[in-house]
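# Survey of secondary and tertiary structure
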Amino acid sequence: MKVIAKGVPIVSGLAIGVAKVWKEEDVFNNISSNCRSNNNDFEIRKLKNALEVLNNKVNNYLEFIKNERKELKEINDILNAYLLIADSIVEEAIDKIKSDNVCAELAVKVIIEKYIQKLRESGSELISMRVDDLIDIESQLIRIMLGKPLLYDLLINQSRDNIILITNDIMPSTILLLARSGLVGLVTKHGGITSHSAILARTFNIPYILVPSLDIESIGTIINDKAVIVDGYKGYLLLPDINESYTSLMQIANIIKNINDKFFNERAQPAVTEDGHNIKVLANVNNIEDARIVLDYGGEGIGLLRLEFMYMNRKQPPNENELLSTLQKISEFVHKREIIVRALDAGGDKPIPYLNISKENNPFLGLRGIRLLLKEHQDILIDEIRAVLRASSFGEFGFMIPMVSTLSEIIETKKIMNEVKEDLERKGINYGKVSFGIMVEIPSIALIIDKVMNYVDFVSIGTNDLTQYILAADRDNEKVQYLYNEFHPSVLRLLYNVVNTAKRHGVRVDVCGEMASNEIAIPILLSLGVDALSVNITSIPKIKYIVRKLNIGKIRNSIMELINNFSNEGDVRELVMRILMETITELTPLMKIYESYENSQQP
Ligand code: PEP
Ligand code: MG
């Protein structure tokens, strides 16, 4: 078995099927804003015809699944709503053709964009998620008019069995249409931020992983039409060896499924180690929909609320009230449990066009995170602080700042926070207590962490960036993935420095990087003494289970000894693998499977 791609688990589960790699062509940007017509009747006919084709497709599909589905009513309702929307869009587009003599494609595009803009301006994250549906309808109508194939047709024509779809983007309707027509697993390059597709995949139990580094063309040449596995527990796309029989694959699948079922069934139990250390297991939340399922997966709150989703796909930043109402909604979803809000972490790998971040040769070492907020967008920082302070009269909130490299950034942010509090008091606006912390993800701040202690209530270690900056290996660059290693002794020693210092000062330490979602890291992080782990939502049950089985008193010395005195850079990881297999024997088959994947060469 070989790991073809590693990504983020979106929907748990394991799927075996035939890979269909599909690159969705961008039909929107090819429509010129000068697309005119001198034959309005022709354009109107084209549009009406596209609507009819769409209607027929949907109705045929509903007919096709009539006897197969128990969720039929739900699907029926959604698809009929789609058709109603498509109907009124076409009506308006016809008026547009008549009044402006534009071509049918441009008419649809202009009308849909008008509504998308309105939805986004509504200020409601939930309403603006419906943007996906509009883009979906637009995309289908335009594709039909341009005579381009619809993904659904393509797949249905080829096969209806065990399809694992690997594509750059997926529209919600495609999932709806394919959910009972053979789609068993899903891998996409984009998605996750507006996760309507993810919700549907979850509803239909379709294991789904998101691989931002996915190169559709090159992966297509390797795996199209071959048997592959999507591991939605761990985030792998796997290619079985040629000699692996279906039966042996099913055996592997069963091992992975059974242990994950066990994790999930015990997700409500608290994460207390065998020797009594209570570890908070929190969720990393990337959008409002993620927040809805935190408690379902046994999460005890949100340890990292990435605010970026509030700023993307729009033309200006959200204001204080918009931020406040979203925070209140999220707080309701997690029954007012703790939420640590991270200030906007724009720049680097998270561009936001309207912030006008100037082009940088080295954006990962540039004006990103708190640097950008303090230097160029204090207005945004102030709105966020105001919203979090006000939200905390409603629920429990913390506020932390990303990409901190110097003490002065902390001091300056706290000064702003105090000014905001004074202003709220002056104006008689209610606010509550907010704990203040920083992300430790730049080596400079980790190395002087003792000096940070007087200013913070907690620190949260971002191992994703910390690892890339320690090893000077880009976290998204495939070519240096062999160097990017969270278990490198340099990373572990720096983690030790941070946790140990924080503990001496009685300051809480969380880990919110991907490392906290990795079972092999848990014995190390607990031995170092971390208080909370903030992890991918779908990994929460697994991490809680592992915490409960560990006895830190028994393993700590051997792990610390090896961090201090290793012979090979891989020693600590190896020791931890052994510890896990010995102490949680039910985990051994799973660990062996993953170990064999990870040791295999990528093709
Ligand atoms: C990190 O760097 O570890 C982290 C959690 O932040 P992000 O992945 O959002 O950069
Ligand atoms: Mg980071």
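Residue positions are counted from 1 within each chain, in the order its sequence is given. The order in which chains are written sets their letters, starting at A; the order in which ligands are written sets their numbers, starting at 1. Per-residue local features are limited, in this predicted model, to residues with pLDDT of at least 70; the limit for side-chain atom pairs, both in listing and counting, is 80 or more; totals at the level of whole chains, interfaces and linings are taken over all residues. Excluding hydrogens and water, the side-chain figures rest on all heavy atoms present in the structure.

The next subject is the nonpolar core. We call a set of buried residues a nonpolar core when its members are Ala, Val, Leu, Ile, Met, Phe, Trp, Tyr or Cys and they connect through side-chain atoms within 4.5 Å of each other. Whether a residue is buried, partly exposed or exposed follows from its accessible area with a 1.4 Å probe, protein chains only, as a fraction of its type maximum: under 20%, in between, or over 50%, in that order. Core analysis: the largest hydrophobic core is formed by 126 residues, its most contacted members being Leu305, Phe399, Ile438, Leu525, Leu533 and Tyr597. Contacts of Ile438, omitting those with residues within four sequence positions, involve Met400, Ile401, Val404, Ile410, Ile445, Val452, Val456, Phe458, Val459 and Ser460. Core analysis: the second largest hydrophobic core is formed by 57 residues, Val58, Tyr82, Cys103 and Ile116 among them. The contact definition used throughout considers only heavy atoms, calling two residues in contact when any of these lie within 4.5 Å.

This part takes up the coordination of the magnesium ion (ligand 2). Here the term donor refers to an N, O or S atom within 2.8 Å of the metal (or 3.2 Å for Na, K and Ca), and because water is left out of the atoms, sites may appear incomplete. Within the first shell, the magnesium ion (ligand 2) binds the protein through Glu441 (OE) and Asp465 (OD), at distances of 2.0 to 2.2 Å. In this pair, Glu441 sits in the loop between strand 13 (434–440) and helix 16 (443–447) while Asp465 sits in helix 18 (residues 463–471), placing the two residues 24 residues apart along the sequence. For the pair Glu441 and Asp465, one class covers both residues: buried. Only DSSP runs of H or I reaching four residues or more are called helices, and only runs of E reaching two or more are called strands; each is numbered from the N terminus.

Let's shift gears to the layout of surface pockets. Lining residues are those with an atom within 4 Å of a point, where the points come from a 1 Å grid over the protein atoms alone and group into cavities, where a 1.4 Å probe fits but cannot get out, or pockets, open sets with protein on both sides within 12 Å along at least five of seven lines. Grid points are joined across faces, edges and corners, and a volume is the space filled by probe spheres set on the points. Approximately 480 Å³ is the volume attributed to the second largest pocket. Around the second largest pocket, the lining comprises 22 residues; the ones closest to its centre are Ser12, Gly13, Tyr233, Asp261 and Tyr297. Broken down by secondary-structure element, the contributors of at least two residues to the lining of the second largest pocket are helix 10 (246–265), helix 21 (540–549) and helix 24 (588–599). If you tally residues by element for the lining of the second largest pocket, the top one is helix 10, at 5 residues. Think of it as three bins: nonpolar holds Ala, Val, Leu, Ile, Met, Phe, Trp, Tyr, Cys and Pro, charged holds Asp, Glu, Lys and Arg, and polar takes everything else, Gly as well. Split into classes, the residues belonging to the lining of the second largest pocket amount to 10 nonpolar, 6 polar and 6 charged.

Moving on to the packing of aromatic side chains. Only centres within 6.5 Å qualify two rings of Phe, Tyr or Trp (six-membered ring in Trp) as a pair; their planes then separate them into stacked at under 30 degrees, edge-to-face at over 60, and tilted for everything else. With the rule as written, the count across this model stands at 2 aromatic pairs. Pairing Phe264 with Tyr297 gives two aromatic rings, centres 5.5 Å apart and planes at 70°, and the pair type is edge-to-face. Note that Phe264 is positioned in helix 10 and Tyr297 in the loop between helix 11 (288–293) and strand 10 (302–306), a separation of 33 residues in sequence. By relative accessible area, Phe264 is classed as partly exposed at 31%. Between Arg267 and the ring centre of Phe264, over which it is positioned, the NZ or CZ distance is 3.9 Å. We count a charge as sitting over a ring when the NZ of a lysine or the CZ of an arginine lies within 6 Å of the ring centre and within 35 degrees of the ring normal.

This paragraph deals with the pairing of strand 8 (residues 236–239). Every second residue of strand 8 is oriented toward a common face, with Tyr236 and Leu238 on one face and Leu237 and Leu239 on the other, all of them buried. DSSP calls a pair of strands paired once it identifies at least 2 bridges connecting them. Both strand 1 (residues 2–6) and strand 8 contribute to a ladder of 4 bridges, which runs antiparallel. When the sheet's bridge partners are listed, Lys2 is paired in strand 8 with Leu239. One ladder, built from 3 bridges, connects strand 7 (residues 227–231) with strand 8; its direction is antiparallel. By the bridge assignment for strand 8, Asp231 is matched with Tyr236. The hairpin formed by strand 7 and strand 8 contains 4 residues between the paired strands, and Gly235 there has a positive phi angle of roughly 90°.

Moving on: the side chain of Glu138. Note on placement: Glu138 falls in helix 5 (residues 131–146). Positive charges are assigned to Lys and Arg, negative charges to Asp and Glu, while His and the chain termini are left out of the count. In what follows, salt bridge is the name for a side-chain nitrogen of Lys or Arg lying within 4 Å of a carboxyl oxygen of Asp or Glu. No salt bridge is formed by the buried Glu138; the nearest opposite charge belongs to Lys109, separated by 6.4 Å. In this structure Glu138 touches Phe28, Val108, Lys109 and Ile112, once residues within four positions along its chain are discounted.

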